[in-house]
Amino acid sequence: MSVPPPPEPIAGARLLFSLDPAVSHLNHGSFGAVPIVAQRAQQRLRDEMEADPLRFFTQGLVDRVAHTRRHLAGFLGADPEGTALTTNATTGVAVVLQSLGLRSGDEVLTTDHGYGAVDHSIARECRRTGATHRVLRVPLTATDDEVVQIVRAGLRPGRTRLLVVDQLTSATARLFPVAAIVGVAGEHGVPVLVDAAHAPGMLPASVRNIGADFWVGNLHKWGYAPRGTAVLVVAPQWRERIEPLVVSWEQDSGFPARLEWQATSDYTAWLSAPAGLYTLRSLGVDRVRAHNAGLAAYGQRVVGDALGVPPADLPDPGGPTVAMRLIPLPAGLATTLDGARALQTRIAERLATQVAVMAWDGRGWLRLCGQVYNAPEEYQRLAVGLPGLLAQR
Ligand SMILES: Cc1ncc(COP(=O)(O)O)c(C=O)c1O
């Protein structure tokens, strides 16, 4: 079966990153990669901080953080008054969970495509409060309408105190119709937290248009920000109830300052996030999105072909900008979290290729990403090496 051609490369883009050239980095989704411009911006801020720490923390830092927050909110189409900087999606989720005041008899509803660490966080909050965690099963091939139907049927108004749904799932690289889900939940009075860890920089949808009660997104993945940069966007009716995990000096200032001021921390990642967006914008946001999605789709076909997976069995995440794609692994491989991690390490060590291996729904999956620093040859090399490696169980 012939594979459609890869997209035109973005000339010189690899040189914008400091990635090891001996390794194929096909897993931007897990921890991102920070362009040199943003690394330098952060280093300059650290130099400034170390030259006079007292001055750095006490003269203007709060305003610089607020300025950054407004900049990021503008990029994401979010209300700047409802946006708070936070360190990562996991923290944003924990902030929301512990602000809800869950009680025995309440439940938190998720899908079986949710992120593992988020599930752990929900489990702990449920243990602490006596609430329960219920998981809706959503088949990988469900259409958007079917997903909305599953959610509608799964809501228990009066009991479901929060629905957590991913905008783009990690384990299954699947785009969920979050605006429609928020609409359905709203009809039943159920608040929604959208886990949009992968959205900033990759997906064009504006946060305002989704209309969720809570939306959390990482800038340090597809937004090229230094690690430790995320935003939590909160609808007006919830802002006063949102409490930080760590109480500090801005506690009486209300949302968002009370969330953002986390005592003596390193705020330089946040302040350099605009430099990451600058890189994205200067390459052309739409161009980067189309390139990355096209390359991920190409990689999926090339590696899928090598593993003998018919194109019809390759999941299609359902969006022209989704830059992560899944390939089913042969039955029996990587069916558990430990097995998936072990295979991922083996691929990295033997083939010098970083990929994500996921265990989901009783089987193993390879997740490939596309980024501006990737080239078609990297997927071709993986396609050559992987079948042999998988055969040596
Ligand atoms: C869907 C989803 N949620 C949450 C996270 C956690 O992000 P972080 O480690 O930045 O908190 C990830 C990370 O990949 C993710 O994919």
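The text that follows walks through the structure, step by step, so that each part is easy to find. (Residues numbered from 1 in each chain as written. Predicted model: local features only at pLDDT ≥ 70, side-chain atom pairs only at ≥ 80, totals over all residues. Heavy atoms only, no water.)

When you go through the chain residue by residue, the secondary structure sums to 14 helices and 12 strands. For 393 residues, the compact-globule estimate of 2.2 N^0.38 gives 21 Å, and the chain sits close to it at 21 Å. Oriented by its inertia axes, the alpha-carbon framework of the chain measures out at about 60 × 55 × 35 Å. Out of the 393 residues in the chain, the part that is buried amounts to 55%. (Helix = DSSP H or I, 4+ residues; strand = E, 2+ residues; numbered from the N terminus. Rg over C-alpha atoms; globule rule 2.2 N^0.38 Å. Buried < 20%, exposed > 50% of the residue type's maximum accessible area, 1.4 Å probe, protein only.)

As a further point, take the pairing of strand β7 (residues 214–218). Of all 5 residues in β7, 5 are buried, a share of seventy percent or more. Burial along β7 is two-sided: the face carrying Phe214, Val216 and Asn218 and the face carrying Trp215 and Gly217 are both buried. The pairing of strand β6 (residues 192–195) with β7 spans 3 bridges and is classified as parallel. Following the sheet pairing, Asp195 is matched in β7 by Val216. Direction of pairing for β7 relative to strand β8 (residues 230–234): antiparallel, over a ladder of 5 bridges. Bridge pairing links Asn218 to Ala230 in β8. (Pairing = 2+ DSSP bridges.)

Cis peptide bonds are those with omega within 30 degrees of zero, and the linkage from Phe255 to Pro256 qualifies with 0°. The residue Pro256 is located in the loop between β8 and α10 (257–260) in this model. Here Ala352, not a glycine, exhibits a phi torsion of approximately 50°, which is positive. The residue Ala352 is located in the loop between α13 (337–351) and β10 (353–354) in this model.

With that settled, the discussion passes to the nonpolar core. Leu163, Val194 and Trp215 are the most contacted members of the largest nonpolar core, which has 74 residues in total. Among the nonpolar cores identified, the runner-up in size contains 26 residues, and Val96, Ile122, Val164 and Ala197 belong to it. (Core = buried A, V, L, I, M, F, W, Y, C linked by side-chain atoms within 4.5 Å.)

Looking now at the sheet that holds β8. Here we have 7 strands laid out as an open sheet, ordered β2-β8-β7-β6-β5-β3-β4, and mixed in their pairing. With partners counted over all chains shown, the strands left at the sheet margins are β2 (83–86) and β4 (132–136), one partner each. Between one strand axis and the next, the sheet turns by 20° as a mean value, whatever way the strands run. Its contacts with the sheet place helix α4 (residues 61–76) against β2, β7 and β8, and it is angled at close to 110° to β2. (Axes fitted to C-alpha atoms, helices over the stretch in contact; angles between N-to-C directions. Contact = heavy atoms within 4.5 Å.)

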